[in-house]
Amino acid sequence: MARTRFVWVRPAFAPVEMPGLVLEWRRDPEGAWRALVTWVETRGRVVTAWVPADELRPVEAQPRTGSSYG
């Protein structure tokens, strides 16, 4: 879990997924994973909250080589 940094966030109250940045991972008292995630809502409000792992999906992206040519 520690390597996942960019995720799609889908909180229970939101109708769409939003891109987010994971700041930290922790286990809750029941042993489930939660992430401290920052994302921007569709209306522009910046949110930072603890989100259950089942409301997150990793962003699949091609590795970058550091070159502008891919």
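Everything below is about the structure printed above this text.
We now turn to the structure provided with this report. Numbering of residues begins from 1 in every chain and follows the order in which that chain's sequence is written. Where local features are concerned, this predicted model is filtered to residues with pLDDT of at least 70; where side-chain atom pairs are given and counted, the filter is 80 or more; whole-chain, interface and lining totals use all residues. Heavy atoms from the whole structure form the basis of all side-chain values; hydrogens and water molecules are not counted.

This next bit is on the pattern of salt bridges. Salt bridges, as used here, are contacts in which a Lys or Arg side-chain nitrogen is within 4 Å of a carboxyl oxygen on Asp or Glu. On inspection of all chains with the given rule, the structure shows 4 salt bridges. In this structure, Arg-57 and Glu-17 form a salt bridge, with 2.6 Å as the shortest nitrogen-oxygen distance. With Arg-57 in strand β5 (residues 56-58) and Glu-17 in the loop between β1 (6-9) and β2 (18-27), the pair connects residues that are 40 residues apart, well separated along the chain. Throughout this description, buried means an accessible area under 20% of the type-specific maximum (1.4 Å probe, protein chains only), exposed means over 50%, and partly exposed covers the range between. Relative accessible area serves as the criterion here: at 32%, Glu-17 is assigned to the partly exposed category. Residues Asp-28 and Arg-34 are paired through a salt bridge, measuring 3.5 Å at the closest nitrogen-oxygen approach. Helix numbering and strand numbering both begin at the N terminus, where a helix is a DSSP run of H or I of at least 4 residues and a strand a DSSP run of E of at least 2.

Attention now moves to the sheet that holds strand β3 (residues 33-40). Paired strands, in this sense, are two strands between which DSSP finds at least two bridges. Spatially, the 5 strands line up as an open sheet ordered β4-β3-β2-β1-β5, and their pairing is antiparallel. Every interior strand has two partners, whereas the edge strands, β4 (46-52) and β5, have only one. Here the average twist between neighbouring strands, direction ignored, is 40 degrees. In the sheet, β1 pairs with β2 via 4 bridges, with the strands oriented antiparallel. When the sheet's bridge partners are listed, Val-9 is paired in β2 with Met-18. Under this scheme, a helix contributes an axis fitted over its contacting stretch, all axes are lines through C-alpha atoms, and angles between N-to-C directions fall in the 0 to 180 degree range.

Within 6.5 Å between ring centres, the rings of Phe, Tyr and Trp (the latter by its six-membered ring) count as paired, and their orientation is classed by plane angle as stacked under 30 degrees, edge-to-face over 60, tilted in between. Throughout the structure, instances matching the rule amount to 1 aromatic pair. Consider the rings of Trp-25 and Trp-33, whose centres lie 6.2 Å apart with planes at 90 degrees: the pair is edge-to-face. Given the relative accessible area of 15%, Trp-25 is considered buried.

Tracing the backbone through its elements, the reader meets Trp-8 in strand β1. The exposure class of Trp-8 is partly exposed, given its relative accessible area of 29%. Counting along the chain gives 31 residues from Trp-8 to Trp-39, while the straight-line C-alpha distance between them is 9.1 Å. In what follows, a contact means two residues having at least one pair of non-hydrogen atoms within 4.5 Å. With residues up to four places along the chain from it excluded, the contact list for Trp-8 reads Glu-17, Met-18, Pro-19, Glu-55, Leu-56, Arg-57, Pro-58 and Val-59.

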